[in-house]
Amino acid sequence: MKKQRPVNLELNTISFPPSAIASILHRVSGVIMLVLVGLLVWLLSTSLSSPEGFAKAQSVMFHPVVKFVIWGFLTALGYHLLAGLRHMVMDMGYWEELDSGNTSAKAIVVLAVILSVLAGVWLW
């Protein structure tokens, strides 16, 4: 039996529609939040342990790398929230068509970039 079907395993040549990109980014943002929530719980625990722990957590928060990580968490949180709302609207039967789904995916990405910039301005 010959396999006559074409096989394209080069991912850089595949063009994904905006709705697929939005869905993939939704999953990625969830994984980012899952990984970084450990840091945030540690910071909260340290800050609540004692006045010295609060000072330690505060000094950690001012480190540029930690600020960048927290900015990444806030960016992932904002995108995940917006994409989750988009999925809920789609579950209600709206934006399920190809054009409206792609338009809503583009809108979500634009809104997430705006939220990301606002989070960066707020942090720094």
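Scroll up to find the structure.
**Section: a negative patch on the surface**
Taken together, the side chains of Asp 91, Glu 96, Glu 97 and Asp 99 present a region of like negative charge at the surface. Within the secondary structure, Glu 97 is located in the loop between α3 (64-91) and α4 (98-123). Under the relative-accessibility criterion, Glu 97 is labelled exposed at 51%.

**Comments concerning α3**
Over its 28 residues, α3 runs 40 Å from end to end, which matches the ideal 40 Å to within 8%, given 1.5 Å per residue. Within the span of α3, buried status applies to Val 66, Lys 67, Ile 70, Phe 73, Ala 76, Gly 78, Tyr 79, Leu 82, Ala 83, Gly 84, Arg 86 and Met 90. As for α3, its buried residues are in contact with α1 (18-49), α2 (51-61) and α4. Backbone geometry just after α3 places Gly 93 at a positive phi near 105 degrees.

**So, a nonpolar patch on the surface**
Taken together, Leu 11, Ile 14, Phe 16, Ile 21, Ile 24, Leu 25, Val 28, Ile 32, Val 109, Val 113, Val 117 and Val 121 make up a surface patch of nonpolar side chains, about 980 Å² in accessible area. Elements with a minimum of two residues in the nonpolar patch: α1 and α4. It is α1 that provides the largest number of residues to the nonpolar patch, a total of five residues. Position of Val 28 relative to the elements: it lies in helix α1.

**What to know about the nonpolar core**
Listed in full, the seven residues of the largest apolar core are Ala 22, Tyr 79, Leu 82, Ala 83, Ala 105, Ile 108 and Ala 112. Elements with a minimum of two residues in this core: α3 and α4. Excluding residues within four positions of it along the chain, Tyr 79 makes contact with Ile 21, Ala 22, Leu 25, His 26, Ser 29, Ile 108, Val 109 and Ala 112. Counting five residues, the second-largest nonpolar core is a separate cluster that includes Leu 43, Val 66, Ile 70 and Leu 123.

**Let's talk about unusual backbone geometry**
Across the chain, the bulk of peptide bonds are trans and the bulk of non-glycine residues have phi less than zero. Phi is positive for Trp 95, close to 60 degrees, though the residue is something other than glycine. Within the secondary structure, Trp 95 is located in the loop between α3 and α4.

**A short note on α1**
An ideal rise of 1.5 Å per residue puts 46 Å on 32 residues; α1 measures up with 46 Å between its terminal C-alpha atoms. At Leu 36, α1 is deflected by roughly 35 degrees, the largest bend along its length. Looking only at α1, the buried set comprises Ala 22, His 26, Ser 29, Met 33, Leu 36, Leu 43, Thr 46 and Ser 47.

**Here we look at the side chain of Ser 29**
Among the secondary structure elements, Ser 29 is positioned in helix α1. Among the polar contacts made by the side chain of Ser 29, one reaches the main-chain carbonyl oxygen of His 26 at a distance of 2.9 Å. If we ignore the near neighbours within four places in the chain, the residues touching Ser 29 are Ala 76, Tyr 79 and His 80.

Rules used throughout
- Residues numbered from 1 in each chain as written.
- Predicted model: local features only at pLDDT ≥ 70, side-chain atom pairs only at ≥ 80, totals over all residues.
- Heavy atoms only, no water.
- Patch = residues over 30% accessible without salt bridge, like charges linked within 9 Å, V, L, I, M, F, W, Y side chains within 5 Å.
- Areas by Shrake-Rupley, 256 points an atom, 1.4 Å probe, with all protein chains shown as cover.
- Salt bridge = Lys/Arg side-chain N within 4 Å of Asp/Glu carboxyl O.
- Lys, Arg positive; Asp, Glu negative; His and termini not counted.
- Charge placed at Lys NZ, Arg CZ, Asp CG, Glu CD.
- Helix = DSSP H or I, 4+ residues; strand = E, 2+ residues; numbered from the N terminus.
- Buried < 20%, exposed > 50% of the residue type's maximum accessible area, 1.4 Å probe, protein only.
- Expected span 1.5 Å × (residues − 1).
- Contact = heavy atoms within 4.5 Å.
- Core = buried A, V, L, I, M, F, W, Y, C linked by side-chain atoms within 4.5 Å.
- Bend = angle between axes of the 7 residues up to and from the residue.
- Polar contact = N/O pair within 3.5 Å; in protein donor to acceptor, adjacent residues only side chain to side chain.

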